[in-house]
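Okay, here's what each chain looks like letter by letter:
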Amino acid sequence: QKEVEQNSGPLSVPEGAIASLNCTYSDRGSQSFFWYRQYSGKSPELIMSIYSNGDKEDGRFTAQLNKASQYVSLLIRDSQPSDSATYLCAVNILTGGGNKLTFGTGTQLKVEL
Amino acid sequence: DAGVTQSPTHLIKTRGQQVTLRCSPKSGHDTVSWYQQALGQGPQFIFQYYEEEERQRGNFPDRFSGHQFPNYSSELNVNALLLGDSALYLCASSRGGLAGVTDTQYFGPGTRLTVL
């Protein structure tokens, strides 16, 4: 079982719709969770961070965390063509005095006109 | 406020050669992490530096080594390059603080390494 799993997609949604991206993780010791957006050929850009169970909203983005189900999701409302990118789910595990991010393989999102 | 910077942007090497990549963290950050991202994959953790010491290491061979300087900048060195080392190398900076404190990692633009 992979440590962080995402559906690779592509996930296609029409402009203005809600895009729902999902992620599961295996380590129950995971303490913080991040969503990064990565355009083709570019580096990951932080979209959202979430640490506690429940929802966290920032503009058009909402992150949802359920530690009991080991599940993190990202909702993008009013999707725009500029949202077309790969979305990486990352989990932060504190071990040995350090903290590393473990990433999923990413979900490709395509927002169609 | 300067973000994370990396150099060079692109690099082409041949098998067996050695390469050094450089990273300057975001202002106010003291921790640098390095990641390797192969095409179509998520970034893979190589190691993390804090207070000029390697604090944590991922599953990478000893050919991958690093260093952190007193000004918090960092280098990643890869010896005896293999074709499989071709990837985007990402540096991320954060505020390390006390062991166990977590903070958000911000990525630099990356260095694209091609090994021929």
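Okay, so let's go over this structure. (Residues numbered from 1 in each chain as written. Chains lettered and ligands numbered in written order. Predicted model: local features only at pLDDT ≥ 70, side-chain atom pairs only at ≥ 80, totals over all residues. Heavy atoms only, no water.)

1. Some words on the pattern of salt bridges
All names here are of chain A.
Next up, step 1: Using the criterion set out here, one finds 6 salt bridges over all chains in the structure.
Next up, step 2: We note a salt bridge from Glu45 to Arg37, for which the minimum N-O separation is 3.0 Å.
Next up, step 3: A residue is classified by how much of its surface remains accessible, and Glu45, at 36% relative accessible area, is partly exposed.
Next up, step 4: The class of Arg37 is buried, set by a relative accessible area of 12%.
Next up, step 5: A salt bridge links Arg60 to Asp83; the shortest N-O distance between them is 2.9 Å. Within this pair, whereas Arg60 is found in the loop between β6 (54-58) and β7 (61-66), its partner Asp83 is found in the loop between β8 (71-76) and β9 (85-95), the two being separated by 23 residues in sequence. (Salt bridge = Lys/Arg side-chain N within 4 Å of Asp/Glu carboxyl O. Buried < 20%, exposed > 50% of the residue type's maximum accessible area, 1.4 Å probe, protein only. Helix = DSSP H or I, 4+ residues; strand = E, 2+ residues; numbered from the N terminus.)

2. Topic: the interface of chain A and chain B
Next up, step 1: Counting from both sides, the interface comprises 22 residues of chain A and, opposite them, 23 residues of chain B.
Next up, step 2: Roughly 1,800 Å² is buried in total at the junction of chain A and chain B, and carbon and sulfur atoms are behind 51% of that figure.
Next up, step 3: On the surface where chain A and chain B come into contact, there are 0 salt bridges.
Next up, step 4: The interface formed by chain A and chain B includes 4 residue pairs in polar contact (both at pLDDT 80 or more).
Next up, step 5: For the side of chain A that touches chain B, the secondary-structure elements that each account for two or more residues are β4 (32-38), β9 and β10 (98-103) of chain A.
Next up, step 6: For the side of chain A that touches chain B, a count of residues per class yields 9 nonpolar, 11 polar and 2 charged. (Contact = heavy atoms within 4.5 Å. Buried area = accessible area lost by both parts, 1.4 Å probe. Polar contact = N/O pair within 3.5 Å; in protein donor to acceptor, adjacent residues only side chain to side chain. Nonpolar A, V, L, I, M, F, W, Y, C, P; charged D, E, K, R; others polar.)

3. Brief notes about the sheet that holds strand β1 (residues 4-5) of chain A
Residues and elements named next belong to chain A.
Next up, step 1: Strand order in the open sheet formed by 5 strands is β1-β3-β8-β7-β6, with antiparallel pairing between adjacent strands. With one partner strand each, in any of the chains shown, β1 and β6 form the two edges of the open sheet.
Next up, step 2: Pairing of β7 with β8, which is carried by 6 bridges, proceeds in the antiparallel orientation. Bridge pairing in β8 links Gln64 to Ser73. (Pairing = 2+ DSSP bridges.)

4. Thoughts on the side chain of Thr62(A)
All names here are of chain A.
Next up, step 1: With respect to the helices and strands, Thr62 occurs in strand β7.
Next up, step 2: Of note is the side chain of Thr62, whose polar atom sits 2.6 Å from the side chain of Arg77.
Next up, step 3: Residues contacting Thr62, with those up to four places away along its chain left out, are Met48, Asp55, Lys56, Glu57, Ser73, Leu74, Leu75 and Arg77.

5. Quick word on the environment of Asn66(A)
Residues and elements named next belong to chain A.
Next up, step 1: Inspection of the secondary structure assignment puts Asn66 in strand β7.
Next up, step 2: Distance in space between the C-alpha atoms of Asn66 and Leu88 is 18 Å, their sequence separation being 22 residues.
Next up, step 3: If sequence neighbours within four positions are ignored, Asn66 has contacts with Tyr25, Asn53 and Tyr71.
Next up, step 4: In this structure the side chain of Asn66 is engaged in a polar contact, spanning 3.1 Å, whose partner is the backbone nitrogen of Ala68.

6. Structural notes on the packing of aromatic side chains
Next up, step 1: Tallying each qualifying case throughout the model produces 11 aromatic pairs over all chains.
Next up, step 2: Residues Phe47(B) and Tyr49(B) carry aromatic rings whose centres are separated by 5.3 Å and whose planes lie at 85° to one another, so their mutual orientation is edge-to-face.
Next up, step 3: For Tyr49(B), a relative accessible area of 6% gives the class buried.
Next up, step 4: Three or more aromatic residues joined by ring pairs make a cluster, and in this case those are Phe34(A), Tyr36(A), Tyr51(A), Phe103(A), Tyr35(B), Phe45(B) and Phe107(B).
Next up, step 5: The ring of Phe61(A) carries Arg60(A) above its face, with NZ or CZ at 5.5 Å from the centroid. (Phe/Tyr/Trp six-rings, centres within 6.5 Å; stacked < 30°, edge-to-face > 60°. Lys NZ or Arg CZ within 6 Å of the ring centre and 35° of its normal.)

7. Brief notes about the nonpolar core
Residue and element names in this part refer to chain A.
Next up, step 1: One finds Trp35, Val72, Leu74, Ile76 and Tyr87 to be the most contacted residues of the largest nonpolar core, which totals 24 residues.
Next up, step 2: Elements supplying a minimum of two residues to this core: β3 (19-25), β4, β5 (45-50), β7, β8, β9 and β11 (107-112).
Next up, step 3: With 5 residues, β9 is the largest single contributor of residues to this core. (Core = buried A, V, L, I, M, F, W, Y, C linked by side-chain atoms within 4.5 Å.)

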